[in-house]
Amino acid sequence: MPLQVKLFLLLIVVSSIVATWVMVFLNRKRDAPGASYLSLMLLTCLIWNIGYFIEIVGRDFDIKMLGVAIQYFGIPFTPVFWLIFVLQYTSHWRAPSKKGIMLLLLVPTVTLVLAITTTSHSWFYIDPQVGHVGNFSIITKGQGLWFNVHVYYSYVILALGSVALYRKYLEQRAMFKMQLFNMLIAVALPWIASILYVAGMHSFMPLDFTNAAFTFSGAFIGYTMFKYKLFELLPQAKEQIFDELSTAIVVCDRNFYVVEFNKSAGHLFKEKLSIGNTLDSILPENFSFSAIHAGEEFSGEIIITGNTFMLNSRSILSSTGELLGYSIALTDITYQKSIEHGLESLNQTKDKFFSIIAHDLKNPFLGLIGFSNLLVEQIQTMDKAEILQMVKYIQELSANTYKMLENLLDWARSQTNAIEYNPTVFDLNEIITESLANIEGNAILKSITLESSLPQKVFVKADINMIRTVLRNLISNAIKFTPLNGKIEISSFYAADTPSCTIKDNGMGIEPEKVKALFSISQRTSTKGTSGEEGTGLGLVICKELMEKNNGKILLRSTPGAGSEFTLLFESGKEQ
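Residues numbered from 1 in each chain as written. Predicted model: local features only at pLDDT ≥ 70, side-chain atom pairs only at ≥ 80, totals over all residues. Heavy atoms only, no water.

1. Regarding the side chain of Ser 16
Piece 1. As for its placement among the helices and strands, Ser 16 is situated in helix α1 (residues 3-28).
Piece 2. Polar side-chain contacts of Ser 16 include one of 2.8 Å to the backbone oxygen of Ile 12.
Piece 3. A polar side-chain atom of Ser 16 sits 3.0 Å from a polar atom in the side chain of Asn 49. (Helix = DSSP H or I, 4+ residues; strand = E, 2+ residues; numbered from the N terminus. Polar contact = N/O pair within 3.5 Å; in protein donor to acceptor, adjacent residues only side chain to side chain.)

2. Considering empty space enclosed by the protein
Piece 1. In this structure the tally under the stated criterion is 3 cavities of 30 Å³ or more.
Piece 2. The wall of the largest cavity is formed by 23 residues, among which Trp 48, Ile 75, His 150, Ser 194 and Asp 208 lie closest to the centre.
Piece 3. Among the elements that make up the lining of the largest cavity, the one with the highest residue count is helix α7 (residues 145-171) (6 residues).
Piece 4. In terms of lining, the second largest cavity is formed by 10 residues, of which the most central are Trp 82, Val 187, Pro 190, Phe 214 and Ser 217.
Piece 5. Listing elements by their share of the lining of the second largest cavity, those giving two or more residues are α7, α8 (177-200) and α9 (210-227). (1 Å grid on protein atoms, 1.4 Å probe; cavity = no way out; pocket = protein on both sides within 12 Å on 5 of 7 lines; lining within 4 Å. Points joined across faces, edges and corners; volume = space filled by probe spheres on them.)

3. Things to note about the packing of helix α2 (residues 35-57) against helix α3 (residues 61-71)
Packed helices, taken two at a time, are described by their axes: the angle between them and the distance between them.
Piece 1. Two numbers describe how α2 lies on α3: the axes approach to 7 Å, and their chain directions differ by 165°. Between α2 and α3, the crossing angle belongs to the class labelled roughly antiparallel. For the pair α2 and α3, the sense of crossing is left-handed. Residues Ile 47, Trp 48, Gly 51, Tyr 52, Ile 54, Glu 55 and Ile 56 of α2 touch α3, and the partners they reach there are Ile 63, Lys 64, Gly 67, Val 68, Ile 70 and Gln 71.
Piece 2. Residue composition of the contact of α2 with α3, grouped by class: 8 nonpolar, 3 polar and 2 charged. (Axes fitted to C-alpha atoms, helices over the stretch in contact; angles between N-to-C directions. Parallel < 35°, antiparallel > 145°, perpendicular 65-115°, else oblique. Left-handed = near helix turned anticlockwise from the far one by under 90°. Contact = heavy atoms within 4.5 Å. Nonpolar A, V, L, I, M, F, W, Y, C, P; charged D, E, K, R; others polar.)

4. Thoughts on a nonpolar patch on the surface
Piece 1. Together, Leu 3, Leu 7, Leu 10, Val 13, Val 14, Ile 17, Phe 53, Val 57 and Phe 216 make up an exposed nonpolar region whose accessible area comes to about 760 Å².
Piece 2. Those elements that provide at least two residues to the nonpolar patch are α1 and α2.
Piece 3. A per-element tally of the nonpolar patch places α1 first, with 6 residues.
Piece 4. The topology assignment puts Leu 7 in helix α1. (Patch = residues over 30% accessible without salt bridge, like charges linked within 9 Å, V, L, I, M, F, W, Y side chains within 5 Å. Areas by Shrake-Rupley, 256 points an atom, 1.4 Å probe, with all protein chains shown as cover. Salt bridge = Lys/Arg side-chain N within 4 Å of Asp/Glu carboxyl O.)

5. A word on the sheet that holds strand β3 (residues 248-253)
Piece 1. With respect to topology, 5 strands assemble into an open sheet ordered β4-β3-β7-β6-β5, the strand pairing being antiparallel. Single-partner strands in this sheet number two, and they are β4 (258-261) and β5 (297-304). Each neighbouring strand pair of the sheet contributes to a mean axis angle of 25°, computed without reference to strand direction.
Piece 2. Bridge analysis of β3 against strand β7 (residues 323-332) gives 6 bridges, and the strand direction is antiparallel. Counted as the bridge partner of Val 250 is Ile 328 from β7. (Pairing = 2+ DSSP bridges.)

6. Structural notes on α1
Piece 1. Helix length check: α1 (26 residues) gives 38 Å between terminal C-alpha atoms against 38 Å at 1.5 Å per residue, within 8%.
Piece 2. For α1, the complete set of buried residues consists of Val 5, Phe 8, Leu 9, Ile 12, Ser 15, Ser 16, Ala 19, Val 22, Met 23, Phe 25 and Leu 26. (Expected span 1.5 Å × (residues − 1). Buried < 20%, exposed > 50% of the residue type's maximum accessible area, 1.4 Å probe, protein only.)

7. A closer look at the nonpolar core
Piece 1. One finds Tyr 72, Trp 82, Leu 104 and Phe 124 to be the most contacted residues of the largest nonpolar core, which totals 48 residues.
Piece 2. In terms of residues, this core owes the most to one element, α7, which gives 10 residues.
Piece 3. Counting 36 residues, the second largest nonpolar core, distinct from the first, contains Ile 431, Val 458, Ile 554 and Leu 556. (Core = buried A, V, L, I, M, F, W, Y, C linked by side-chain atoms within 4.5 Å.)

8. A word on the environment of Met 508
Piece 1. Here Met 508 is to be found in the loop between β12 (498-505) and α17 (512-515).
Piece 2. Measuring from C-alpha to C-alpha, the distance between Met 508 and Gly 563 comes to 5.4 Å, with 55 residues separating the pair along the chain.

9. Describing the packing of aromatic side chains
Piece 1. Using the criterion set out here, one finds 7 aromatic pairs in the structure.
Piece 2. With 5.6 Å between their ring centres and 40° between their planes, Tyr 125 and Phe 147 make a pair best called tilted. Of this pair, Tyr 125 sits in strand β1 (residues 125-133) while Phe 147 sits in helix α7, and the two are 22 residues apart along the sequence.
Piece 3. Assessed through its relative accessible area of 4%, Phe 147 is described here as buried.
Piece 4. Feature note: the residues Tyr 72, Phe 124, Tyr 125 and Phe 147 constitute an aromatic cluster, connected by ring pairs. (Phe/Tyr/Trp six-rings, centres within 6.5 Å; stacked < 30°, edge-to-face > 60°.)

10. Let's talk about unusual backbone geometry
Piece 1. Of note in this structure, Phe 256 is not a glycine but carries a positive phi near 70°.
Piece 2. Look at Phe 256 and you get buried, because its relative accessible area is 8%.
Piece 3. Phi is positive for Ala 496, which is not a glycine, with a value near 55°.
Piece 4. Here Ala 496 is to be found in the loop between β11 (487-495) and β12.
Piece 5. Here Ala 496 falls in the exposed class, since its relative accessible area comes to 74%.

11. Structural notes on the side chain of Glu 565
Piece 1. With respect to the secondary-structure elements, Glu 565 resides in strand β14 (residues 563-569).
Piece 2. Excluding anything up to four places from it in sequence, Glu 565 contacts Thr 502, Ile 503, Lys 504, Leu 555, Leu 556 and Arg 557.

12. Examining the pairing of strand β6 (residues 307-317)
Piece 1. The buried count for β6 comes to 9 of 11 residues, which makes it a mostly enclosed element.
Piece 2. Here β5 folds back onto β6 in antiparallel fashion, the turn holding 2 residues, of which Thr 305 has a positive phi close to 50°.
Piece 3. Sheet analysis places β6 next to β7, joined by 9 bridges and oriented antiparallel. Bridge pairing links Phe 309 to Asp 332 in β7.

13. Here's the deal with the packing of helix α15 (residues 428-445) against helix α16 (residues 464-480)
Piece 1. At a minimum axis distance of 9 Å, the contact between α15 and α16 shows a crossing angle of 40°. When the axis of α15 is compared with that of α16, the two are oblique. For α15 against α16, the interelement crossing comes out right-handed. On α16, the residues touching Leu 428, Ile 431, Ile 432, Glu 434, Ser 435, Leu 436, Ile 439, Asn 442 and Ala 443 of α15 are Ile 464, Ile 467, Arg 468, Leu 471, Arg 472, Ile 475, Ser 476 and Ile 479.
Piece 2. Residues that form the contact of α15 with α16 fall into these classes: 11 nonpolar, 3 polar and 3 charged.

These results come straight from atomic positions and should not be treated as a statement about function.
Printed below as a string of structure tokens:
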């Protein structure tokens, strides 16, 4: 099971524990407005979590569908209990009637019945089956008619609760609006998670975070409602919560003079920020305030002290609609941005890897199949020399294909960090001698002379298996691009106390404009050898990455038509 799935399951478990704890707490406060229905909402979230956990860890279709059925004892009822809680707590529906509650629960009840019987009809899910998403499996299904009814109904219910909460937010005095604003953001989390999941439906978002988002939002509301009285929807907001928020918050008047800020903002701006300062004195000079003036809400990225922040601005209005000021919330999204860039890079690497496999391994295998078929069909009519020639073709093609596969696997393992880095101190000359012995046969076939100059012991600190791979690739490349009767020189030495090794050939050489592309996966090039040898173009990419893993470098000097010289620089090791 992938690490991200294990972390997601851990998130479900943690959110369920938190929900249970808050439910116990709310039970002691059940006489408070909305407490009972908030507790019921958390209970449905808990059931939802249990069902989803079973769906993910279940090994066969029946167990996974059992998990799906359990989920729907919670999913359709969660937004309804959320709405009743908000309406009761904001005094819009102080005493919910049984008739009103039954009407609200009508659609969820139908949803439950259709969901748990979905395998016998297509009203809710269409063709549910076990689908594989990456390295784990979940139930994949199409959306039936009632599924869409359920989704739209849930969104309408959530929207009604959010509107009621927002109306109460507008009634609060200016100094308490930021606290409620952040609570509204917390309430938006289930919205975002649900919309992303329903829109993706196992494509770009295979895991549904809506249940965890609902659970944590409800738990947070329940806890703060009594512990800090933050959500009594009365002007009783506590400075303690305002100051403990990790988001930097600045409140300013209509002329952008600072009237309040929390500790996070103080830490972010340090001595620049104080009551009475103007907002333009603390924000970067290139930030335009026209967007904040233009409307009630504004969101945009901004760079502060080298980090990226999401700036959210909101106008603070009186009950009559008069502009009182602005609340500015700054959330550090540097880490999220780096994750986005990393995921984009990994996606490009994955696409490149698959294209390499499709291009570089397909043709050799077609050749092997073609030669072997020809041999099977015509062996009776061939003489011994023709059969030997055909077998040589198959042998050479198999050997080259194996080398390509070996490089592909080495590179794939390096990208997934599957190659463990285990540095030791060893004599580089011993590994060079070993590598030459293993590859000498290839040189003999092309009548290439291998000359080594290893006058002294050269101790390096590196992973011995990684260095074997580097030397194997570089010497094989030298043989590949050196003509018949050519010469390859391998030497080791200390250059200003740095252990070094050079591999020099008198082969084809490399054009200057192609040198940089040799070490880049995004510009991968593959050139046939002097005897038509094929390659993946990954060998030098692997060498560069493995040398960097070992705190070393690889340098290249080459002249077209006159050969190439690769130099390896290693971390120094002490003689044992």
